[in-house]
Amino acid sequence: MIVQKFGGIAMRDAASREKCIQHIKEGLSKYKTVIVVVSAMGRLGDPYSTDTLIQISDAFQTAPEAKDVAAICGELLSSSVLFAECLKQQIPCQLAYGLQVGIYTDDRFGDASIIKTTNEGIEELLQNVPCVIVPGFQGITTDHRFTTLGRGGSDLTAIVLASMLKAKAVEFYKDVPGVMSSDPKSSTKVQKLSQVSYIKLQNLCETAKHPILQKKAVEMAAKHHIPLHIRPFGSSEEGTWIDSTIY
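Parameters at a glance
- Once a new chain begins, its residue numbering starts again from 1 and follows that chain's sequence as written.
- Only residues with pLDDT of 70 or above have their local features reported here, since the model is predicted, and side-chain atom pairs are shown and tallied only from 80 upward, although totals for entire chains, interfaces and linings are computed over all residues.
- The basis for the side-chain values is all heavy atoms of the structure; hydrogens and waters are excluded.
- Every helix listed is a DSSP run of H or I at least four residues long, and every strand listed is a run of E at least two residues long, numbered separately from the N terminus.
- Within these notes, the globule rule equals 2.2 Å times the number of residues to the 0.38 power, and the radius of gyration is based on C-alpha atoms.
- Each residue is placed in one exposure class: buried if its accessible area under a 1.4 Å probe, protein chains only, is under 20% of its type's maximum, exposed if it is over 50%, and partly exposed if it falls in between.
- By definition, residues are in contact when any of their heavy atoms lie within 4.5 Å.
- All accessibility values rest on the Shrake-Rupley procedure with a 1.4 Å probe; residue burial counts only the protein chains present in the view.
- Positive charge is attributed to Lys and Arg, negative charge to Asp and Glu, and no charge count is given to His or to the chain ends.
- For the purpose of locating charges, the reference atoms are NZ of Lys, CZ of Arg, CG of Asp and CD of Glu.
- Note on aromatic contacts: the rings of Phe and Tyr and the six-membered ring of Trp form a pair at centre separations within 6.5 Å, being stacked when their planes are under 30 degrees apart, edge-to-face when over 60 apart, and tilted otherwise.
- Throughout this description, the term salt bridge denotes a Lys or Arg side-chain nitrogen within 4 Å of a carboxyl oxygen of Asp or Glu.
- Whenever two N or O atoms come within 3.5 Å, that pair is a polar contact, provided that in protein one can donate a hydrogen and the other can accept it, and provided that, for residues adjacent in sequence, both atoms are side-chain atoms.
- Think of a nonpolar core as a cluster: buried Ala, Val, Leu, Ile, Met, Phe, Trp, Tyr and Cys residues, connected wherever their side-chain atoms sit within 4.5 Å.
- Strands were regarded as paired on the criterion that DSSP finds at least two bridges between them.
- Axis definition: a line fitted to C-alpha atoms, limited for helices to the stretch in contact. Angles are taken between N-to-C directions and run from 0 to 180 degrees.

K.L.:
Help me understand the overall build of the chain, please; the structure alone is not making it clear to me.
P.N.:
Along the chain, the regular secondary structure elements total seven helices and 11 strands. Whereas a compact globule of 247 residues would reach a radius of gyration of roughly 18 Å, the chain reaches 17 Å, a difference of no more than 12%. Taken along the three principal axes of its C-alpha coordinates, the chain extends 45 × 40 × 35 Å. For the chain, the residues scored as buried account for 50% of the 247 residues in total. Residue pairs at least 24 apart in sequence account for 67% of intrachain contacts in the chain once pairs closer than 6 positions are excluded. Carbon and sulfur atoms make up 52% of the accessible area of the chain, which amounts to about 11800 Å² in all. Of the side-chain charges in the chain, 26 are positive and 26 negative, and the distance between the mean point of each set is 5 Å.

Below, the structure is given as structure tokens:
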């Protein structure tokens, strides 16, 4: 089993999602079982991105629970679209959300902490299909209210599911070749790093203006020794590997 995580750029339009589907097919061929985690479509300014949704009303600034419910709509829509498009291409899959995902949090809306997990819902789905598609970024309280896991929380969703389900690795598909030696937007002298330690990646996430992964997600991956593969979206090339054997 492997977990694949697709960000907003990968989910932005039909052409991009077609590339996602090809990666899913490759994952199924190689690993037999694939858990797919998706972010909301696009970025600020795109109609269904998280930043766009939470700016619909300035009242959200004083209503954190309402803001979280609005925010998760982006991932719910994104996952439902990819689910339908996978079915159209005859990929046996199922959509899991809310209670089925099994990620329970406290009620600190906007940046909730995970308090417990259960894999029963997804394991039940995997008895019938080899692929489950999950909206990232969200958890649920013990009294069944939606929460969000902080900015970049879909990364954390992927790591948590990998830990719960004992996946071999998490593949993060990005619009860069992998982890770079410096910020490509501020320097021309950059190169892809083939391997990076958890500690170095954590440091990069702390100092980068646009972190490649959520810092909490990297910390959890390090804690549970989950191998990460940061890969270029739309390519079969190797990216950057992060695991407990790299120092």
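Picking up after the structure, the text goes on.
K.L.:
Which parts of the structure should I look at to understand the packing of aromatic side chains?
P.N.:
The relation between two aromatic rings is expressed through the spacing of the ring centres and the mutual angle of the planes. Per the stated rule, a full pass over the model turns up one aromatic pair. The interplanar angle of 15 degrees and the centroid separation of 5.1 Å between the aromatic rings of F6 and Y173 together place this pair among those described as stacked. Of this pair, F6 sits in strand β1 (residues 2-6) while Y173 is found in strand β9 (residues 170-174), placing the two residues 167 residues apart along the sequence. Each member of the pair, F6 as well as Y173, carries the same accessibility label: buried.

K.L.:
Just to check I follow, could you spell out unusual backbone geometry for this structure?
P.N.:
In terms of backbone geometry, most residues other than glycine have negative phi values and most peptide bonds are trans. For Q90, which is not glycine, the phi torsion reads 65 degrees and is therefore positive. On the secondary structure map, Q90 appears in the loop between α3 (64-88) and β3 (93-95). Its identity as a non-glycine residue notwithstanding, H225 has a phi of 55 degrees, on the positive side. Relative to the assigned elements, H225 resides in the loop between α7 (215-224) and β10 (228-232).

K.L.:
What should I look at first to understand the side chain of D68 in this one?
P.N.:
Looking at where D68 falls in the secondary structure, it is placed in helix α3. Despite being buried, D68 has no salt bridge partner; K67 is the closest side chain of opposite charge, sitting 7.1 Å away. One polar contact links D68 to T148, side chain to side chain, over a distance of 2.9 Å. Residues contacting D68, with those up to four places away along its chain left out, are F109, G110, F146, T147 and T148.

K.L.:
I would appreciate a short explanation of the nonpolar core in the present structure.
P.N.:
With 39 residues, the main nonpolar core has I35, I122, V132, V134, V170, L201 and L228 as its most contacted residues. Going through the elements one at a time, β2 (34-38), α4 (120-126), β6 (131-135), α5 (153-165), β9, α6 (198-207), α7 and β10 are the ones with two or more residues in this core. For L228, the residues in contact, after removing those within four places along its chain, are I159, V170, F172, Y198, L201, L213, A221, T240, W241 and I242. Formed by 24 residues, the second largest nonpolar core is a distinct cluster that contains A10, L28, Y31 and V34.

K.L.:
Looking at this structure, I do not really get the sheet that holds β6. What am I missing?
P.N.:
Each strand in a sheet pairs with another by means of backbone hydrogen bonds, the pair being arranged parallel or else antiparallel. In space, the seven strands of this open sheet follow the order β3-β6-β2-β1-β9-β10-β11, with mixed pairing throughout. Looking at the sheet topology across the chains shown, the edges are occupied by β3 and β11 (240-242). Here the strands of the sheet are splayed against their neighbours by 20 degrees on average, with no regard to which way each runs.

K.L.:
Any chance you could explain the environment of I212 here in plain terms?
P.N.:
For I212, the location among the structural elements is in the loop between α6 and α7. Distance from I212 to M180, taken between C-alpha atoms, is 9.7 Å for residues 32 residues apart in sequence. Once residues within four sequence positions are removed from consideration, I212 is found in contact with D155, K174, V176, G178, V179, L201 and I230.

K.L.:
Hey, could you run me through the pattern of salt bridges in this one?
P.N.:
In a structure, side chains of opposite charge can pair up when their charged atoms sit close to one another. Considering all chains together, one arrives at 12 salt bridges under this definition. In this structure, the salt-bridge partner of D155 is K5, at a minimum N-O distance of 3.2 Å. Of this pair, D155 sits in helix α5 while K5 is found in strand β1, placing the two residues 150 residues apart along the sequence. Neither residue differs from the other here; D155 and K5 are each classed as buried. The closest approach of N and O atoms between R151 and D51, which form a salt bridge, is 2.8 Å.

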